[in-house]
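Per-entry structural report
One letter stands for each residue in the lines below.
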Amino acid sequence: MSTLLLLLSLLLGYTSCDDELIDETTEEEVVDPGEGDNEGEGDGNGDEGNGDDEGENGDDGDRPIIEGQTFTEQMIIDGEENNGLIIRNCTFENTGDHGIIIKNVNDVLIQNCTFRNLKYTAIRFLADCESNNVIIEDNDIYNIEANGIHGAETHYNTIIRNNRIHDVALVPENGSHGMYFYGKDFLIEGNTVYNVGVEEGKGSGINVRTCGTIARNKVYNTHKDGISYSIDHPGYNGTLLIENNVVYSNPRNNIRIMGGANESKIGKAIVRFNTVISDNTNTPISLATGDLPDTEFEVYGNILINAGGSNKYIGYSSSHELEFESKNLTATGDIGFVDYEGRDLRITASSSANNYAVGLTTYPKDDFDNVDVREESNLDAGAYMVK
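Quick look at the structure, then. Since we're looking at a predicted model, the values are computed, not measured. In every chain, residue numbers begin from 1 and rise along the written sequence. Residues qualify for local features only when their pLDDT is at least 70, as the model is predicted, and side-chain atom pairs are given and counted only at 80 or more; totals for whole chains, interfaces and linings, by contrast, use all residues. Computation of side-chain values covers all heavy atoms of the structure but excludes hydrogens and water.

As for the sheet that holds strand E17 (residues 164-168)
A pair of strands is treated as paired once DSSP finds two or more bridges between them. For helices the rule is a DSSP run of H or I covering at least 4 residues; for strands it is a run of E covering at least 2, with both sets numbered from the N terminus onward. Reading across from one edge, E2-E5-E9-E13-E17-E20-E23-E26-E29-E32-E34 is the order of the eleven strands in this open sheet, with parallel pairing throughout. Of all strands in the sheet, those with a lone pairing partner are strand E2 (70-71) and strand E34 (329-331), marking the two edges. Relative to strand E20 (residues 192-196), E17 runs parallel, the two being bridged by four bridges. Bridging from a neighbouring strand, Val168 pairs with Val196 of E20.

Remarks on the pattern of salt bridges
Here, a salt bridge means any Lys or Arg side-chain nitrogen found within 4 Å of an Asp or Glu carboxyl oxygen. Throughout the structure, instances matching the rule amount to 15 salt bridges. Measuring nitrogen to oxygen at the nearest pair gives 3.9 Å for the salt bridge that ties Glu296 to Lys268. One end of the pair, Glu296, is in strand E31 (residues 296-300); the other, Lys268, is in strand E28 (residues 268-272), and 28 residues separate them in sequence. Accessible area is worked out with a 1.4 Å probe on protein chains only. A residue is then buried under 20% of its type maximum, exposed over 50%, and partly exposed in between. Here Glu296 falls in the partly exposed class, since its relative accessible area comes to 39%. For Arg346, the salt bridge identified is with Asp344, shortest N-O distance 2.5 Å. Judged by relative accessible area, which is 22%, Asp344 ranks as partly exposed.

A look at the pairing of strand E32 (residues 303-306)
A two-sided burial pattern is seen for E32, the buried positions comprising Ile303 and Ile305 on one face and Leu304 and Asn306 on the other. Two strands pair when backbone bridges link them, and strand E29 (residues 275-278) and E32 are joined in this way by four bridges, in the parallel orientation. The residue of E32 that forms the bridge with Ser278 is Asn306. Relative to E34, E32 runs parallel, the two sharing three bridges. Considered in E34, the bridge of Ile303 is made with Leu329.

So, in structure tokens, the structure goes:
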């Protein structure tokens, strides 16, 4: 694939693809990744990944690569000429706009990059454009006025993995989050998200609007919910799986599934084997079962701590006779964590979570650390297994 084709694609505009967040769009800036003031060594943060996806471990084949550069104008990735593009070890800073705009492109890998000091969103998937199998992993995203990552409906099979997102959603009027994603069949896994928002009631950690998997994330110190689902985008009657997450110190609900009038809903919500702490009297988990009467809910194997002293741990409609709490370990304080006050929420061998979930027959294959294998005969509650 020629460099010329890549550069021609990056020169395309994006305003025709986006009917949302009009106030986030400044006069278009075009990036030429190989010339001018933006070429540089960059920060080169982190290793080059440890997964099995093409493009990692140096096995890049014939894929086009942009590597080790610093950009002070937003980058636009558009067109099939850029399918398979790798952006690695680059820095995006002080653009006065977004960091990267993703339009109509597949199989892009954004890896080990730094996004900082941006006026809008670090990585933005535009509405009315399409992508498939974009991977965003091992990036540092911070000091962002809007969302860390924002993805629209027509972006499918997106993987957002092992990123560190903090000090984002810094302008309350933007209504932004750490991640705000409503493309179908996403995987949001292994991320650390904290310090989201600056005004109470604005800024959730991970906010999604459709079906997919949210697993092994740590989310804390937001100004709204930790992990939340809202119904105002198509749910495709799919499954939303929330498992193996550690979520605490979020003022509204740490895990929240909200309902509404949208006719296209998720068909099932599974919330299992998470460790969740509420620092106030709000329930650690809140479920809008009354607004989602046709959605199947499964909530089990979680550790739910209500440190505010309330004996209510899961909120749901009184019209639903659902015995959720009997399948979860609930308490108002330390149940045998390594360091409860310091929020090291691994469990000790003497913890009441040890073997608490024995008897359950469905569970994640491993734990938060993605190392310890769960077995039916040795099944601990919460996100961690006993070491």
